[in-house]
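What the coordinates show
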Amino acid sequence: MSVIEVANLTKFYGKSRGIVDVTFNEEEGEIFGFIGPNGAGKSTTIRLLLSLIHPTSGSARVFGKDVVTHGPEIRRNIGYLPSEVYYYEGMKVIDLLKYSASFYDRDCTQRIRELSETMELEMNRRISDLSYGNKKKVGIVQGLLHSPKLLFLDEPTAGLDPLMQRRFFDLIREENSRGVTVFFSSHILGEVQRLCTRVGIIREGKIVEISDIRTLQQNNYKKVRVTAPGLSAASFDLPGATNAQTENGTVHFFFKGDINTVLQRLNGLRVSDVTIEEPTLEEIFMHYYE
Amino acid sequence: MTATIFAHEFRTRLRSVIIWSLAVTALLFFYFSFFSVFADQAALMNQMMERFPPQLRAAFGMDARDISTVLGFYSFIFLFIQLCLAIQAGNYGFGLVSIEESELTADFLLSKPVSRTQVLTSKLLAALTSLTITNAVVWVSSYASIAVFRGDREYDSRTLLLLLISVVIFQLFFLSVGLVVSLLVKRVRSVTPYSLGLGFGAYVLSAFSGILGEVKLELITPFKHLDPARIVRDGTYDTPLVLLNVAVTVISLAASYWLYVRRDIPAVS
């Protein structure tokens, strides 16, 4: 079952572009990575799905219901961690969490305690006294305390130290193993690679690619690195080879196609070292942005 | 209506309500303490007043009232009470949804399972409750200050009631006009300049209306719709003007709901 169905969704703020003609689906239980640089339209998409803003055209459905007409109903089962966290400055952490919990018709006390212990959040401090990282922790607890079925994470790790990032990822994986669907927006590819099963790449408001993270890595490109005497970038002038570069006698390039053609070419060389590996998402990503 | 939002909103404004209520009470008692002097020296006062240019007298509404009577004097103070209440109600109106947006907490609130209509209704009712508390304080301190300072002078309690009832109409006007303006402009960065502008602006218009005499400025300022001097003089409301005032309030509220439901909540930029 599709939890999120977005069809030709477009948003303009006056004349300036938000997103254009965005179409994708997210299945139940998936962790969907939404990657793009700042200003590509990641937050716009999430804000549309939360009906914080209204679409210019196109439609979006969450849990099978239209986001424009069924917003409150949908949001009962949504957790949202915004990229920038702002809360009522004068409130104490615990009061904010209780206020947040009061919107849901279930008892969240136990969950608040668990989450704040995991994230090492001090409950009796005032929001205005918290550092950015600590506010982010409040955001995490606030987004998860009502055990939502769908999580929107908008660049969630900014401001968290590496230890907390790891705990946070564990937390998300744990939620996911319980069947929670996660929509994970980020411009840091490493974390998307660690967590997500499928990714959508957005650029200047448009989706440029949606695919399984494995497919993206395996079927598309190989990263080849060859060290051999007298080698130059031109030695691998094969159909399917791109980005050939020479560095200290080592040639590296991306290759898409039948890998045997590379192997045949290597056959005639006296190589001292060869690696053929899957490129990181980062490298694939850069390819889309060239 | 959502009880949680109502409670949260009400608590946020509690300190402001207490300060405004104290200020209004202090204002009433302070000015009323001069009443016996004014009343005893009424002839002298009126002589002095006549030396002022008529335009100035008109601007302060001094020509329409006799400050040697309890209600004549009260209506003079009431003008300042109105000004305070206008600024307070304007503050709440302008800030009702714009503060959440400028402090960026709107994302938190609106990603909860509540509709925009529920949010706005809860906020409006909370603000109205806050205003009603101030209103109640105005009633109590009005009766108290009159009781303390009137001496043996009589007054028409029905007219006083008319003045006090006008407070709620007056507050609702500034609350709803403030709200609709805050939704019409792109972003309210600070609430105070807006509410001071609206409050003083309306007051100054009303004063000018006195100076210019025939010009129909009274149509647009609530200080004329509910002119305390006129209410005391005539012992009744100027019904068409009061209806006009209520109509503006109703239209502003309806427009506010319409705008807020369709509003794009601005993100951090």
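Residues numbered from 1 in each chain as written. Chains lettered and ligands numbered in written order. Predicted model: local features only at pLDDT ≥ 70, side-chain atom pairs only at ≥ 80, totals over all residues.

1. With respect to the overall build of chain A
Short version of the rule: The helix count covers DSSP runs of H or I at least four residues long, the strand count covers runs of E at least two residues long, and both are numbered beginning at the N terminus. In this scheme every C-beta is placed from the backbone, and a residue whose C-beta has 20 or more other C-beta atoms within 10 Å is buried, one with 12 or fewer is exposed, and one in between is partly exposed. Contacts here follow a simple rule: the backbone-placed C-beta atoms of the two residues must lie within 7 Å.
Counting its secondary structure elements, chain A contains 10 helices and 14 strands. Projected onto the principal axes, the alpha-carbon positions of chain A cover approximately 70 × 40 × 35 Å. Scored against the burial criterion, the 290 residues of chain A give a buried share of 38%. When contacts within chain A are restricted to residue pairs at least 6 apart in sequence, those whose partners lie at least 24 apart make up 70%.

2. Topic: the packing of helix α8 (residues 157-184) of chain B against helix α12 (residues 239-262) of chain B
Residue and element names in this part refer to chain B. For the record, the criterion: Lines fitted to C-alpha atoms define the axes, with helix axes restricted to the stretch in contact, and inter-axis angles between N-to-C directions lie between 0 and 180 degrees. A clockwise turn of the near helix away from the far one marks a right-handed crossing, whereas an anticlockwise turn of less than a right angle marks a left-handed crossing. Classes in brief: Ala, Val, Leu, Ile, Met, Phe, Trp, Tyr, Cys and Pro nonpolar; Asp, Glu, Lys and Arg charged; the others, Gly included, polar.
α12 packs onto α8 with a crossing angle of 35° between their chain directions and a minimal axis gap of 8 Å. α12 is crossed by α8, and the crossing has left-handed handedness. Where α8 approaches α12, its residues I169, L172, F173, S176, V177, L179, V180 and L183 are matched on the opposing element by V242, N245, V246, V248, T249, S252, L253, A255, S256, L259 and Y260. Looking at the contact of α8 with α12 residue by residue, the class counts come to 14 nonpolar, five polar and no charged.

3. Things to note about the sheet that holds strand β8 (residues 181-186) of chain A
Residue and element names in this part refer to chain A. The following threshold applies: At least two DSSP bridges between two strands are required for those strands to pair.
Spatial ordering of the open sheet is given by β6-β7-β8-β3-β9-β10, a layout of six strands whose pairing is mixed. Whereas interior strands pair on both sides, the edge strands pair on one side only; in this sheet they are β6 (78-81) and β10 (206-212). Shown here is a sheet whose adjacent strand axes are inclined to one another by a mean of 15°, direction ignored. Relative to β6, helix α5 (residues 132-144) is tilted by about 170°, and along the sheet it contacts β6 and β7 (150-154).

4. Some words on the domain arrangement of chain A
Rules: An automatic or database domain assignment provides the domain bounds reported here.
Segmenting chain A into domains produces domain 1 (2-216) and domain 2 (221-289). Each of domain 1 of chain A and domain 2 of chain A has a C-alpha centre, and these two points are 38 Å apart.

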